[in-house]
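Coordinate inspection notes
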Amino acid sequence: MSDEWISALGRYARRLHASAGTGHHVASPLGAWLLLALAGRACAEPDPQLTEVLGIDPRRAATIAAELLEQPHPAVAAATAVWHGPSADPDGLAGWRAGLPASTGTGPLPDQAGLDRWARDHTFGLIDRFPLGAGPDVVLMLASALATKVSWEHPFEVAPAAALGAGSPWAGRLDRVLRTPEHGHEAFVTRDADAGELIVHAAASADGLRVFSVAAGADVPPETVIAAAYRVAAGAEKVSLFDLPLGEGPLWDLREEREASRSREFHSAVLPCWSATSDLDLTAPGLGFGAASRVLGPLAGTNGEAFDARQSAMARYGRYGFEAAAVTGWATLTMMPPTVVVRRAELRFGHAYAVVAVAAQDGPWDGVPVFSAWVSEPASVSEKDQD
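Residues numbered from 1 in each chain as written. Predicted model: local features only at pLDDT ≥ 70, side-chain atom pairs only at ≥ 80, totals over all residues. Heavy atoms only, no water.

**As for the side chain of Thr123**
- Turning to its location among the elements, Thr123 is positioned in the loop between helix 6 (112–121) and strand 3 (138–151).
- For Thr123, a relative accessible area of 0% translates into the label buried.
- Not counting the four nearest positions on each side in its chain, Thr123 is found in contact with Ala145, Leu146, Ala147, Ala325, Ala326 and Val327. (Helix = DSSP H or I, 4+ residues; strand = E, 2+ residues; numbered from the N terminus. Buried < 20%, exposed > 50% of the residue type's maximum accessible area, 1.4 Å probe, protein only. Contact = heavy atoms within 4.5 Å.)

**Considerations on the packing of helix 5 (residues 90–98) against helix 8 (residues 289–300)**
- At a minimum axis distance of 6 Å, the contact between helix 5 and helix 8 shows a crossing angle of 130°. Between helix 5 and helix 8, the angle is such that the two are oblique. Of the residues in helix 8, those touching helix 5 at Gly92, Leu93 and Trp96 are Leu296, Leu299 and Ala300.
- Split into classes, the residues belonging to the contact of helix 5 with helix 8 amount to five nonpolar, one polar and no charged. (Axes fitted to C-alpha atoms, helices over the stretch in contact; angles between N-to-C directions. Parallel < 35°, antiparallel > 145°, perpendicular 65-115°, else oblique. Nonpolar A, V, L, I, M, F, W, Y, C, P; charged D, E, K, R; others polar.)

**Some thoughts on the sheet that holds strand 14 (residues 321–333)**
- Spatially, six strands are ordered 2-1-3-14-13-12 in an open sheet, and the strand pairing comes out mixed. Since the sheet does not close on itself, it has two edges, and those belong to strand 2 (105–108) and strand 12 (274–281), each with one partner. On average, each strand axis in the sheet is inclined to that of its neighbour by 10°, with strand direction left out of account.
- Taken together, the four bridges between strand 1 (residues 77–84) and strand 2 define a ladder with parallel strand orientation. Residue pairing for strand 2: Val82 is matched across the bridge by Thr106.
- Lying over the sheet, helix 6 contacts strand 1, strand 3 and strand 14, oriented at roughly 160° with respect to strand 1. (Pairing = 2+ DSSP bridges.)

**Examining the nonpolar core**
- Core analysis: the biggest nonpolar cluster contains 41 residues, and Tyr12, Trp33, Leu142, Phe289 and Trp330 have the highest contact counts within it.
- Going through the elements one at a time, helix 1 (3–20), helix 2 (29–39), helix 3 (48–54), helix 4 (58–70), helix 5, strand 3 and helix 8 are the ones with two or more residues in this core.
- Here this core gets eight residues from one element, more than from any other, and that element is helix 2.
- Sequence-distant contacts of Tyr12, that is, excluding residues within four places in its chain, are made with Pro29, Ala32, Trp33, Leu36, Val53, Leu287 and Phe289.
- Ranked by size, the runner-up nonpolar core spans 22 residues in total, among them Phe130, Ala145, Ala147 and Met314. (Core = buried A, V, L, I, M, F, W, Y, C linked by side-chain atoms within 4.5 Å.)

**A closer look at the pattern of salt bridges**
- All chains considered together, the criterion is met by 12 salt bridges.
- Between Lys238 and Glu186 there is a salt bridge; the shortest N-O distance is 2.8 Å. Of this pair, Lys238 sits in the loop between helix 7 (222–234) and strand 9 (247–248) while Glu186 sits in strand 6 (residues 186–192), and the two are 52 residues apart along the sequence.
- Take Lys238: its relative accessible area is 49%, and that puts it in the partly exposed class.
- Residues joined by salt bridges that share partners form a network here, namely Glu186, Arg210 and Lys238. (Salt bridge = Lys/Arg side-chain N within 4 Å of Asp/Glu carboxyl O.)

**Description of the environment of Val232**
- Within the element layout of this structure, Val232 appears in helix 7.
- By relative accessible area, Val232 is classed as buried at 7%.
- Taking the C-alpha atoms as reference, Val232 lies 8.2 Å from Val214; in sequence the two are 18 residues apart.
- Once you skip the residues sitting within four places of it in the chain, Val232 turns out to touch Phe188, Thr190, Leu198, Val200, Phe212 and Val214.

**Observations concerning the packing of aromatic side chains**
- If you walk through the whole model with that rule in mind, you get 11 aromatic pairs.
- Arranged with centres 4.7 Å apart and planes meeting at 40°, the rings of Trp5 and Trp33 form a pair that is tilted. Here Trp5, found in helix 1, pairs with Trp33, found in helix 2; they are 28 residues apart in sequence, far enough to count as distant.
- Given a relative accessible area of 0%, Trp33 falls into the buried group.
- Consider the rings of Trp274 and Tyr317, whose centres lie 6.0 Å apart with planes at 15°: the pair is stacked. One end of the pair, Trp274, is in strand 12; the other, Tyr317, is in strand 13 (residues 307–317), with 43 residues separating them in the sequence.
- Grouping aromatic residues by their ring pairs yields a cluster made of Trp152, Phe156, Trp274, Tyr317 and Phe322. (Phe/Tyr/Trp six-rings, centres within 6.5 Å; stacked < 30°, edge-to-face > 60°.)

**A short note on the pairing of strand 8 (residues 210–215)**
- Sheet topology places strand 7 (residues 196–204) next to strand 8; six bridges connect them, and they run antiparallel. From the neighbouring strand, Val200 faces strand 8, where its bridge partner is Val214.
- Remark: five residues form the turn of the hairpin made by strand 7 and strand 8, two consecutive strands paired antiparallel; Gly208 in that turn has positive phi of roughly 95°.

**Some remarks on the pairing of strand 3**
- Here strand 3 lies mainly inside the structure; 12 of its 14 residues are buried.
- Pairing analysis gives eight bridges linking strand 1 to strand 3, with the strands arranged antiparallel. Looking at strand 3, one finds that Ala79 is bridged to Ala145.
- Relative to strand 14, strand 3 runs antiparallel, the two being bridged by 13 bridges. Considered in strand 14, the bridge of Met141 is made with Ala331.

This is the structure:
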């Protein structure tokens, strides 16, 4: 994959996490980006808003999404689906759906139980409920699911929480934390133009998934650190320990000793276990689903102005491995009429009344009354007509 689209995904991740806020949360920017990329197939010409959010030409994004879905990673389960509601125009969607990846499921919108089952089936059971409902206002729904369950190639060791440092607010709250084993993990210091000095740890699974942990100074905004972490994961220049000040600080404890060794620099890391679950609202303007709905909506028979987009995500990071899953749902909706007071009348012809039969045809007969009657002797429905 090219550096261009990885950088674009990193910029999108910064937007999504900023929208999620500064609290503890987990998300899959890729899961949201994939759905926006699928909409790129509907663009006859590049849509400016969708291009800006995706970071690349939407049609190029659609090609990348297809490559990811058709050539899955051994450690990452990935699935997408497109469902249409009863009010959608299937013929209008046919051309766009024909260009979707072959693995993308299509068909009528499932009921809520079916949506929840799809979420479970495509996340190893880690997500048990689909983030959107199967309401009567859904015209078109797109879904993505990403999931992983891996074991570290080299498990962590265990250390007392005091190893996090006297300045850590977690040191007094926790009992035991993780410490890198002597071999098999990577740790280093780097510098980022936006986030400043960073400490980095990377653990790997046997089937090719690496999980990077990246910390900056406590005053750096979360979305800035997350964006920097995406850049670090793509490749970062390491800072020599001999270019850093000795002593204990908020990000490291650096000491100098004399010993017989072929290497001159050694890194280890201590970090806590963690888990998170999040339900994220993706309807913010900067996340692109409004623009994508305006592109896809007309194909389904709606203007795309009404939409909903949400993501359910979870992750667990521990001594022996890592697991995470996210299900993203995006639906274009029909504008339901407002709730108002209505009256309904049943008109009852219970006494004598008049009947006039009028011709309705272009030409001289149009509008000409042909028959008329006064009905004053009613009859019951005949036995043969009752059948």
